[in-house]
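Geometric and topological summary
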Amino acid sequence: MEYRLEKDTLGEIKVPADKFWGAQTQRSKENFKIGTEKIPERMIKAFAILKRSAAKANHRLGNLESEKAAAIVTICDELIKGAYSDNFPLVVWQTGSGTQSNMNMNEVIANLATALSKETGAKTTIHPNDDVNRSQSSNDTFPTAMHVASVLAVYEQLLPALNQLRSTLDKKAKQYQDIIKIGRTHLQDATPLTMGQEISGWVHMLDRSKEMIIEATEKMRALAIGGTAVGTGINAHPQFGEVVSEEITRFTGQLFESSSNKFHALT
């Protein structure tokens, strides 16, 4: 295998030449050889949506040049579609704030965006921290990505499946409404009921479960982004969290908002 040398504050480290991650990702890969559970694809997609939105927000707020923002957005769009998925090798077992996953995303986007810039003749260098991670911290990006991934999973995967199951059972409840069976209590035959009545209980259970799922999901629409390292928003534009939330909402079609208390949102 061919390697290239990457540098960080700890010195040089070899990175596979055909990969776009950098030194911090490589160090995590080598130092956290624990388990096989990788960061889920939904989290990678959510992180790309966040980085896309952050670049557009920084540009709107005058904190990122248009060429850099455009390159970052273009690469994020590719990542969202599943491109370069082999460039996200890290396991879930890492530091508590998800720093390595945040940097994995920053490094991959920066290297791909820089390569794209050179292809178009702009020759702009995109930096993983100064550009891709501008106005952000692992402490607010990771929980934000988790919330975005969770809301999208609920509305794109869970609720459609639940609705389909509910519809099927409701049809069965009506179909079997006249079929009588024996109800059992204390492991013994008790009194009669219809099969339809029994299944109707399952239908109602799914209705109540759906209500609770939606209610719980509403709490995840408040995002930590904009709180940066400890919730104060230091080094970020005061409107950054609000504008990023607007961009995520526009892209996903799901309503998100900047949390009114970042100190809570970061926990």
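The sections below set out a description of the structure shown in this document. (Residues numbered from 1 in each chain as written. Predicted model: local features only at pLDDT ≥ 70, side-chain atom pairs only at ≥ 80, totals over all residues. Heavy atoms only, no water.)

This part takes up the packing of helix α2 (residues 41-60) against helix α6 (residues 138-175). Where α2 meets α6, the axes come as close as 8 Å, and the angle between the chain directions of the two elements is 115°. Of the two possible hands of crossing, α2 and α6 adopt the one that is right-handed. Counted together, R42, M43, K45, A46, F47, I49, L50 and K51 of α2 and T141, F142, T144, A145, M146, V148, A149, L152, A153, E156 and Q157 of α6 form the full contact between these two elements. For the contact of α2 with α6, the per-class residue count stands at 12 nonpolar, three polar and four charged. (Axes fitted to C-alpha atoms, helices over the stretch in contact; angles between N-to-C directions. Helix = DSSP H or I, 4+ residues; strand = E, 2+ residues; numbered from the N terminus. Left-handed = near helix turned anticlockwise from the far one by under 90°. Contact = heavy atoms within 4.5 Å. Nonpolar A, V, L, I, M, F, W, Y, C, P; charged D, E, K, R; others polar.)

Before going further, it helps to examine the pattern of salt bridges. When the charged atoms of two side chains lie near each other, side chains of opposite charge can form a pair. Taken as a whole and judged by the stated rule, the model has 19 salt bridges. Between D86 and K19 there is a salt bridge; the shortest N-O distance is 4.0 Å. Of the two residues, D86 sits in the loop between α3 (66-80) and α4 (99-119) while K19 sits in the loop between β2 (11-16) and α1 (23-31), which places them 67 residues apart along the sequence. One network of salt bridges, in which partners are shared, links R60, E246, E247 and R250. (Salt bridge = Lys/Arg side-chain N within 4 Å of Asp/Glu carboxyl O.)

A few words now on the pairing of strand β1 (residues 3-8). Pairing of β1 with β2, which is carried by six bridges, proceeds in the antiparallel orientation. The residue bridging K7 from the neighbouring strand is E12, located in β2. Between β1 and β2, which pair antiparallel in sequence order, lie two residues. (Pairing = 2+ DSSP bridges.)

Turning our attention to the side chain of D131. With respect to the helices and strands, the residue D131 is situated in helix α5 (residues 128-132). Classification of D131 as buried rests on a relative accessible area of 4%. A polar side-chain atom of D131 sits 3.3 Å from a polar atom in the side chain of K68. Those residues in contact with D131, other than ones at most four positions away along the chain, are L64, K68, I72, T125 and I126. (Buried < 20%, exposed > 50% of the residue type's maximum accessible area, 1.4 Å probe, protein only. Polar contact = N/O pair within 3.5 Å; in protein donor to acceptor, adjacent residues only side chain to side chain.)

The phi dihedral of Y84 is positive, around 60°, even though this residue is not glycine. Examined against the element boundaries, Y84 turns out to sit in the loop between α3 and α4. Overall, the relative accessible area of 31% leaves Y84 in the partly exposed class.

As a general feature of sheets, a regular strand has side chains that alternate between the two faces. In this sheet, strand β4 (residues 188-194) lies alongside strand β3 (residues 180-185) in antiparallel orientation, the contact comprising five bridges. Across the sheet, K181 pairs through a bridge with L193, a residue of β4. Connecting β3 to the next strand, β4, in antiparallel fashion are two residues, including H186 with a positive phi near 55°.

Taken together, I34, V92 and W93 make up a surface patch of nonpolar side chains, about 270 Å² in accessible area. Of note, I34 is situated in the loop between α1 and α2. (Patch = residues over 30% accessible without salt bridge, like charges linked within 9 Å, V, L, I, M, F, W, Y side chains within 5 Å. Areas by Shrake-Rupley, 256 points an atom, 1.4 Å probe, with all protein chains shown as cover.)

Right, let's get into the packing of α3 against α4. Viewed as axis vectors pointing N to C, α3 and α4 meet at an angle of 115°, and their least axial separation amounts to 9 Å. Handedness of the α3/α4 crossing: right-handed. Along the contact surface, α3 presents A71, I72, T74, I75, C76 and L79, while α4 presents M105, I109, L112, A113 and L116. By residue class, the composition of the contact of α3 with α4 is 10 nonpolar, one polar and no charged.

Each aromatic ring pair is described using two quantities: the centre-to-centre distance and the angle formed by the ring planes. Counting across every chain of the model gives two aromatic pairs. Pairing F20 with Y84 gives two aromatic rings, centres 5.7 Å apart and planes at 80°, and the pair type is edge-to-face. Placement of the pair is F20 in the loop between β2 and α1 and Y84 in the loop between α3 and α4, with a sequence separation of 64 residues. F20 sits in the partly exposed class, given a relative accessible area of 26%. The side chain of K14 reaches across the aromatic face of Y3, ending 5.8 Å from its centre. (Phe/Tyr/Trp six-rings, centres within 6.5 Å; stacked < 30°, edge-to-face > 60°. Lys NZ or Arg CZ within 6 Å of the ring centre and 35° of its normal.)

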